[in-house]
Amino acid sequence: MSQPHDPSRATIRILPEDLADARVDAALAAAQSFGMATARPPPLPDAKTGLWYRPWFAVMLAGGLGAFVAWLAFEPFFDDFDTVRGNLTDVQRMSADNAEYLRLTVSGTPVWVSPDSVAVHLDGVTGDSAGLTVGQVVEVRGTMLQDETGILGLAVDVDTRDDKTYAPLDLRALKARDAGVNLAIFPLVAAFVGLFVGAADGIVSRAAHRALTCGAVGLGSGLIGGALMGVIANLFFGFASELIPMVDSGPRDHLSTAAFLLQVLIRGIAWSIAGVAMGLGQGIALQSRRLLLNGLIGGLIGGLVGGLLFDPIDLGLRGSLAVASEAWLSRGVGFTVIGLSVGFTIGMVEILAREAWVKLLTGPLAGKEFVLYRNPTRIGSSPKSDVYLFKDADVEPAHALVHAVGEEWEIEDEGSASGTWVDGRRVRRHRLRPGDQIRIGKTVFAYHTKTEQT
């Protein structure tokens, strides 16, 4: 026999959209604050974000410093020119491309010398090319090439020697050395940029554990990724550089404007390829896809920008399109600019791609913004926290969590003694709204979203 319908025993259905209703949060907050003042306290004024706390600035400086340190490490092993040393067996003067040249033969190697642009030293004293005669022992620094006639060179410096001992020219050994140095540059720069960029946010946040972890991972990922991408970049640069002579009909020791612009483009693309590995450390260390993507895009664009600027900087420092000239200063400035570009781009990508963040209004890091990229985001006094609140005795090591709920975020107190407060109300779990001011211990920060600014 069926029982009569009892309305008091009817099933209650709670749908997800009911839980997401803002009135639920308001009712919960009111219940939790029972017996306390419920009026919202006056909000604290927005804290000014100092230059050091702006992501693009701190990471830009880190990238530039990393690239500069890498340049200091490899520059002593880098030589712009090859060196041939031996007996001067022939000296010929001739004209080519409306210019006067010397054609020296040193131990069977023909070397082209432009009297107007080549430094000549006779027994250590600056002299004139007219002082070069057959029978002298000379040391020639320049660019050694291989064509259908054999080995030849474009000289930048000719120096007579008193001694008669010299090693024969080994073009294969010279090219192998140059190739080894060039292959090492990309991973070395990527490793140091990765180290400094990875550690930057941890240093700014005073979180030593995060700085060490992200820096170490940035060093490793930059070194390994830089080696892999560096091979690709070098192959591209080598093959693409073969196009330069096709658009250059000028003298051997100068680049035409068209050839120079082509070289700028080729180098920019090559450095864009190599830059991919420079910003991955933080994303890998913190296991964040968003940070990983930000670092990849930042490194790609930053490498392109830095690579495009390298040759114009070199030109500005040298003052001409001459191929045969020292470039150590250009490399130092150029690589530093590349690091600055990579760091700046990574920081800007982080700002443009962020969806939600909290900004500290009080405490030692007032003005610092923490992007909510991890679910959940940990807040506490533990150095391993994502938002590290130090010098506040009322903040516990694991004080609160911020959870992603769809496209919104909720803050949850972890059972702390001093509690978690939102707009003057103590909460256990609260759906955050743009502009909410959260107090944990003595530290107050504001919650912001991208939609708030649109």
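Residues numbered from 1 in each chain as written. Predicted model: local features only at pLDDT ≥ 70, side-chain atom pairs only at ≥ 80, totals over all residues. Heavy atoms only, no water.

*Asks:* Teacher, can you tell me more about the sheet that holds strand S16 (residues 429–431) here?
*Replies:* Pairing between the strands of a sheet comes from backbone hydrogen bonds, and it takes one of two forms, parallel or antiparallel. Across the sheet, 5 strands lie side by side as S11-S10-S12-S13-S16; this open sheet has mixed pairing. Both outer strands of the open sheet, strand S11 (387–388) and S16, are each paired with one neighbouring strand and no more. Alignment of strand S13 (residues 408–413) against S16, held across 3 bridges, turns out to be antiparallel. Along S16, the bridge assignment pairs Ile411 with His430. (Pairing = 2+ DSSP bridges. Helix = DSSP H or I, 4+ residues; strand = E, 2+ residues; numbered from the N terminus.)

*Asks:* Can you walk me through the packing of aromatic side chains in this structure?
*Replies:* Remark: the centre distance and the inter-plane angle together describe each pair of aromatic rings, the angle taken between the planes. In total, this model carries 8 aromatic pairs according to the counting rule given. Between Trp56 and Phe344, the aromatic rings sit 5.8 Å apart at their centres with planes inclined by 75°, giving edge-to-face as the arrangement. Here the residue Trp56 occupies a position in helix H3 (residues 55–74), and Phe344 occupies one in helix H9 (residues 328–353), the gap between them amounting to 288 residues. The interplanar angle of 80° and the centroid separation of 5.2 Å between the aromatic rings of Phe74 and Phe335 together place this pair among those described as edge-to-face. Taken together, the residues span a long stretch of sequence, with Phe74 in helix H3 and Phe335 in helix H9 at a distance of 261 residues. (Phe/Tyr/Trp six-rings, centres within 6.5 Å; stacked < 30°, edge-to-face > 60°.)

*Asks:* For this particular structure, what's the right way to read the side chain of Asn294?
*Replies:* Within the secondary structure, Asn294 is located in helix H8 (residues 289–318). On the basis of relative accessibility, which here comes to 7%, the residue Asn294 falls in the buried class. When sequence neighbours within four positions are dropped, the list of residues in contact with Asn294 reads Val349, Glu350 and Ala353. (Buried < 20%, exposed > 50% of the residue type's maximum accessible area, 1.4 Å probe, protein only. Contact = heavy atoms within 4.5 Å.)

*Asks:* Just to check I follow, could you spell out a nonpolar patch on the surface for this structure?
*Replies:* A contiguous nonpolar surface patch, about 510 Å² in accessible area, is contributed by Leu293, Leu296, Ile297, Leu300, Ile301, Val305 and Leu309. Mapped onto the elements of the fold, Leu300 is located in helix H8. The exposure class of Leu300 is partly exposed, given its relative accessible area of 36%. (Patch = residues over 30% accessible without salt bridge, like charges linked within 9 Å, V, L, I, M, F, W, Y side chains within 5 Å. Areas by Shrake-Rupley, 256 points an atom, 1.4 Å probe, with all protein chains shown as cover. Salt bridge = Lys/Arg side-chain N within 4 Å of Asp/Glu carboxyl O.)

*Asks:* Please clarify how the sheet that holds strand S9 (residues 369–371) should be interpreted in this entry.
*Replies:* Ordered in space as S9-S8-S18-S17-S14-S15, the 6 strands form an open sheet in which the pairing is antiparallel. The two strands at the open ends of the sheet, each matched to only one other strand, are S9 and strand S15 (425–427). Across the sheet, the mean angle separating the axes of adjacent strands is 30° when strand polarity is ignored. When strand S8 (residues 356–360) meets strand S18 (residues 443–449), the two strands line up antiparallel, connected through 5 bridges. (Axes fitted to C-alpha atoms, helices over the stretch in contact; angles between N-to-C directions.)

*Asks:* I would appreciate a short explanation of empty space enclosed by the protein in the present structure.
*Replies:* It is the rolling of a water-molecule-sized probe over the atoms that shows where space remains empty. One pass over the structure, following the stated rule, counts 2 cavities of 30 Å³ or more. Contributing to the lining of the largest cavity are 34 residues, with Val59, Asp201, Gln282, Leu291 and Glu350 lying nearest its centre. At the level of secondary structure, the elements contributing two or more residues to the lining of the largest cavity comprise H3, helix H4 (171–204), helix H7 (281–285), H8, H9 and S9. Broken down by element, the residue count for the lining of the largest cavity peaks at 6 residues, all from H4. Here the residues of the lining of the largest cavity are counted per class, giving 18 nonpolar, 9 polar and 7 charged. Here the second largest cavity is characterised by a volume of approximately 60 Å³. Around the second largest cavity, the lining residues are Leu360, Thr362, Gly363, Pro364, Leu365, Tyr388, Leu389, Phe390 and Thr443. Taken together, the residues that form the lining of the second largest cavity break down as 6 nonpolar, 3 polar and no charged. (1 Å grid on protein atoms, 1.4 Å probe; cavity = no way out; pocket = protein on both sides within 12 Å on 5 of 7 lines; lining within 4 Å. Points joined across faces, edges and corners; volume = space filled by probe spheres on them. Nonpolar A, V, L, I, M, F, W, Y, C, P; charged D, E, K, R; others polar.)

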